[in-house]
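Fold and geometry: a report
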Amino acid sequence: MKIRSYLSLLFVLIGTTYGFAQTQLSGTISGADGQPIPGATILVQGTNNGTTSDFDGNFTIAVETNQIIDISYLGYISQSIPYTGQDNLIISLEEDLNELDEIVVTGYGTQKKSNLTGSISKVVNKNLDQIAVSRVDDALVGQVSGVNIAATEGEAGSAPTIRIRGTGSITGVSDPAIVVDGLLVDNDYLGNLDMNDVASFEILKDAASAAIYGSRGANGVILITTKEGVAGKTKFSYNTYTGFKDARQSEAYYFSLADEAAEELAATGELSDKTERKLQIGVDRDWQDVIFDGGVITSHSFAARGGDKNTKFSTALNYIHDEGVLLTDDFKKYNFKLKIDTKVNEKLSLGFNLSPSYSNRRRFDGSTHDILRQTPWLPLYLNENTIQHVNRIRDGGKYANAQIGDYAVQRMFDDWDLVNNVAVNSGTDISNTSNTNPAAKVLERDRNDYKFKLYGSMYLKYKLAEGLNFKTTVLGDFQNTKRDRWQGVLSNRNGASAASYEISSLNRIHFVNDNFLSYDKEINGHEINAILGFSAEKWDTEYEFSSGKGYQSDLLKTISAADPSTVIGQSYNYAQRLISYISRINYAYKDKYLASVSFRRDGYSAFGPESKYGDFPAASIGWIASNEDFLKDSSVISNLKFRFSYGVTGNPFFNVGDVLVNNFPYLSLLQSSTAVVDGSSATGFNPINIANSSLQWERSIEVNPGIDFSLFSNRISGSVEYYERTSDQLLL
């Protein structure tokens, strides 16, 4: 009897042990095309046990028999697979063609894509980080309709010109507002972001969508969301690429001495003395090969993301080096980011984000046109052959000390006796300019931008009741920009007297405090999402500039080494303030009938007491016809939505050429001047602008009807938009 009892107990223990034994299950996740999917989430249903797939799509996870494994990845249809003792899982995820329930950031909140009534485009970073560019905005080229991004400078690290639905101002700023993780930043900030750390872009194109940003929404808004931590085992990733850059050359700027000589010989039967002299020098150069020297772009990005169900973190480190395509062009950038979100309890959550960055940009300091129009016979430097053709006696022996390695200039090859092949004081001239060597104008200059930026934010979110939350956020960014510009002795035909040095420094602190109540509730088919908030912002800016000329050499590049009579300097500081009252209600009924209303009131310090505040209302409606009974079973129409929006946005920023006038346009500002009074010089002041206490906001009024459609199980989808935007109250 005892033996039987012991045996029974042993079997129970064995069965218990077997029932709770865990197996290390391995697997591979790929797409329908067979390509591995890195970063997919693998989670044992009903537990905190999870992991992510590696770069090759492989994963390993501890699992028990009969447990269910959930596999998900953004943009793909999730799968749930029961574990019944398999040794290895081979999982193929299909792309999710139905993106209507995708969440879209709309400014101070989110909304289902299917419920949007404005014109908003979303670009998810699936492969954008594989594009070899040094700025995140360059990666958006050609990604969104109605958004034009053009490289207007061509320098490495330079900001492209971004226009959403065209230019909306004459003297005002026409760039869209840029919002990174809730903070409105200047456009230059995009040069300090790491594309590997960007999760998505949302572009608010119509006024109804952008009106939530009120006075800064007239030119559209680009919302950038950076990546967050994910629950599960910490995932480490390293992303790198190296590319080669070159500029496409133009036939219009191709000049060949040999071709010119052949044409001349064919037309006249002989070569002129000037052509003979040019051929004698022995150089036939395409200056495009000099100015467009090409370069290498290299990026290294390391990231770690992870956490548990309560606390998630994301950290990333990035370095990029872009040598550009222009002579002397170079850009280096260093980034770091730390982002933590934690849920303290069922009601309270908080988080912070810290992101410092530093960039060093050497700029192309010259004129491409000046170089490209040069004659092909001019050497870049004197060598053993070309130095024999230098006229050392002309212009009083100006070029008597020419040496191998010196820059060649056109005038040193003038006045040549072709019969005796010697230099004379009056002979054949071939020059068409007295300028210095065109390459020297670039190579003997050194122009740099050094930028340090620090972005940070902290938030606290508290659940007041079911569906009702309060969130307060403190955000800020600090910017230090130092610029210097050296134009050396050899960069100008006037030599040392024209050598100059400039240096400037700008410090700016931007501080924001947002406080919002949000309400999100569904009641019997009625979906209501509302926000009510207050925001206060301030900018404090300090600027210093000094310059000098008349350097005797390139050895000492300081302001104190310049000719004291040429030294000038200026400095100023100014403050800007903005307060805002913000509200919005989004409504949907049974996923068929949609409406949205928003209102924002902004007060800005740049405007006078009579027009310091501006009001920016917006409203939009929508009808999802495909969810009606007569269409919901259609095999052709998967989605059909009609929408109409109206909105008013503003633009407080304009540029009249004076930074102080730009920030105090309603006041009459004075500048010092000198006048002659009774035959003597006297110092006084002149107004630089006319006071206007009624100066008000630029305003943009836009209507936008549109149709969104998807056909044949969402295999074909698109939108048809019509918009009419009227800009008035322009600041000129």
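Refer to the structure printed above.
Residues numbered from 1 in each chain as written. Predicted model: local features only at pLDDT ≥ 70, side-chain atom pairs only at ≥ 80, totals over all residues. Heavy atoms only, no water.

On to the overall build of the protein chain. Secondary structure assignment for the protein chain yields 9 helices and 36 strands. Seen through its C-alpha atoms, the protein chain measures out along the principal axes to roughly 130 × 75 × 55 Å. Burial status across the protein chain gives 45% buried among its 732 residues. Contacts in the protein chain between residues at least 24 apart in sequence constitute 67% of all its contacts with a sequence separation of at least 6. When the accessible surface of the protein chain is summed, it comes to about 36200 Å², and 54% of that surface belongs to carbon and sulfur atoms. Across the protein chain, the 67 positively charged side chains and the 87 negatively charged ones have centroids separated by 7 Å. (Helix = DSSP H or I, 4+ residues; strand = E, 2+ residues; numbered from the N terminus. Buried < 20%, exposed > 50% of the residue type's maximum accessible area, 1.4 Å probe, protein only. Contact = heavy atoms within 4.5 Å. Areas by Shrake-Rupley, 256 points an atom, 1.4 Å probe, with all protein chains shown as cover. Lys, Arg positive; Asp, Glu negative; His and termini not counted. Charge placed at Lys NZ, Arg CZ, Asp CG, Glu CD.)

Walk down a regular strand and you will see the side chains alternate between the two sheet faces. Alternating residues of strand β30 (residues 613–624) divide into G614, F616, A618, S620, G622 and I624, all buried, and Y613, D615, P617, A619, I621 and W623, none buried. Alignment of strand β29 (residues 593–604) against β30, held across 11 bridges, turns out to be antiparallel. Each bridged residue has a counterpart across the sheet, and for F599 the counterpart in β30 is P617. Where β30 and strand β31 (residues 637–651) come together, 7 bridges link them in antiparallel fashion. In the strand pairing of β31, S620 is matched with S645. (Pairing = 2+ DSSP bridges.)

On to the side chain of K441. Mapping K441 onto the fold places it in helix α8 (residues 440–443). With near-sequence residues (within four places) excluded, K441 lies in contact with D365, D370, N435, T436 and S491.

Moving on, we come to empty space enclosed by the protein. Empty pockets left among the atoms are what a rolling probe the size of a water molecule brings to light. Applying the stated criterion to the full structure yields 7 cavities of 30 Å³ or more. Within this model, the largest cavity holds a volume of roughly 190 Å³. Lining the largest cavity are 17 residues, with A208, S209, R584, N586 and S596 positioned closest to its centre. Those elements that place two or more of their residues in the lining of the largest cavity are α2 (207–210), β28 (568–589), β29 and β30. Tallied by class, the residues present in the lining of the largest cavity amount to 7 nonpolar, 9 polar and 1 charged. Counted as a void, the second largest cavity has a volume near 120 Å³. (1 Å grid on protein atoms, 1.4 Å probe; cavity = no way out; pocket = protein on both sides within 12 Å on 5 of 7 lines; lining within 4 Å. Points joined across faces, edges and corners; volume = space filled by probe spheres on them. Nonpolar A, V, L, I, M, F, W, Y, C, P; charged D, E, K, R; others polar.)

One pair of aromatic rings is described through two measures. These are the centre distance and the angle between the planes. Counted according to the given criterion, the structure contains 17 aromatic pairs. Centre to centre, the rings of Y589 and Y593 are 6.3 Å apart; their planes meet at 15 degrees, and the pair counts as stacked. Looking at Y589, the relative accessible area reads 24%, which means it is partly exposed. Residue class for Y593 comes out partly exposed when judged on its relative accessible area of 37%. Across from the ring centre of Y723, 4.1 Å away, lies the NZ or CZ of R165, which sits over that ring. In this arrangement the basic side chain of K471 is found over the ring face of Y459, its NZ or CZ atom lying 4.8 Å from the centre. (Phe/Tyr/Trp six-rings, centres within 6.5 Å; stacked < 30°, edge-to-face > 60°. Lys NZ or Arg CZ within 6 Å of the ring centre and 35° of its normal.)

The tendency in soluble globular proteins is for nonpolar side chains to be buried side by side. Counting residues in hydrophobic clusters, the biggest one holds 29 residues, and the most contacted among them are W287, I291, W377, L382, V390, M412 and F413. Within the residue set of this core, elements represented by two or more residues are α5 (288–291) and α6 (368–372). In contact with L382, other than residues within four places in its own chain, are I387, V390, A402, Q403, I404, G405, D406, A408, M412 and F413. Core analysis: the next-biggest nonpolar cluster, separate from the first, contains 27 residues, L128, V147, Y189 and F201 among them. (Core = buried A, V, L, I, M, F, W, Y, C linked by side-chain atoms within 4.5 Å.)

Counted under the stated rule, the structure contains 38 salt bridges. The partner of K632 in a salt bridge is D629, with the nearest N and O atoms 3.4 Å apart. With a closest N to O distance of 2.5 Å, E721 and R643 form a salt bridge. Within this pair, whereas E721 is found in strand β35 (residues 716–721), its partner R643 is found in strand β31, the two being separated by 78 residues in sequence. For R643, a relative accessible area of 6% translates into the label buried. What you see here is one network of salt bridges that share partners, running through R165, K641, R643, E702, D708 and E721. (Salt bridge = Lys/Arg side-chain N within 4 Å of Asp/Glu carboxyl O.)

A pair of packed helices is captured by two measures, namely the crossing angle of their axes and the spacing between those axes. Remark: helix α3 (residues 257–268) packs on helix α4 (residues 273–281), axes separated minimally by 11 Å, with the N-to-C direction vectors making an angle of 150 degrees. It follows from the interaxial angle that α3 and α4 lie roughly antiparallel. Classified by chirality, the crossing of α4 by α3 is left-handed. On the side of α3, the interface is formed by L257, A261 and E264, while α4 contributes T275, K278 and L279. The class makeup of the residues in the contact of α3 with α4 is 3 nonpolar, 1 polar and 2 charged. (Axes fitted to C-alpha atoms, helices over the stretch in contact; angles between N-to-C directions. Parallel < 35°, antiparallel > 145°, perpendicular 65-115°, else oblique. Left-handed = near helix turned anticlockwise from the far one by under 90°.)

Before going further, it helps to examine the sheet that holds strand β7 (residues 88–93). Pairing in this open sheet of 3 strands is mixed, and the strands run β4-β1-β7 from one edge to the other. Only two strands of the sheet have a single neighbouring strand rather than two, namely β4 (58–63) and β7. Within this sheet the neighbouring strands show an average axis-to-axis angle of 30 degrees, counted without direction. Two elements, strand β1 (residues 23–31) and β4, share 6 bridges in a ladder whose sense is antiparallel. Residue pairing for β4: T28 is matched across the bridge by N58.

This paragraph deals with the sheet that holds strand β16 (residues 221–226). Two pairing modes exist for strands in a sheet, parallel and antiparallel, and in both the strands are linked by backbone hydrogen bonds. Read from one edge to the other, the open sheet built from 5 strands follows the order β10-β15-β16-β13-β14, with strand pairing classed as mixed. One side of each edge strand has no neighbouring strand; the edge strands of this open sheet are β10 (120–124) and β14 (183–185). For this sheet the average axis-to-axis angle between neighbouring strands, irrespective of direction, equals 25 degrees. For strand β15 (residues 198–204) and β16, the ladder comprises 6 bridges, and the chain directions are antiparallel. In the strand pairing of β16, I203 is matched with I222.

Moving on, we get to the side chain of Q487. As for its placement among the helices and strands, Q487 is situated in strand β25 (residues 468–487). With a relative accessible area of 15%, Q487 lands in the buried category. There is a polar contact of 3.4 Å between the side chain of Q487 and the side chain of R445. (Polar contact = N/O pair within 3.5 Å; in protein donor to acceptor, adjacent residues only side chain to side chain.)

What follows is about the pairing of β1. Where β1 meets β7, 6 bridges bridge the pair, whose relative direction is parallel. Bridge pairing links G31 to L93 in β7.

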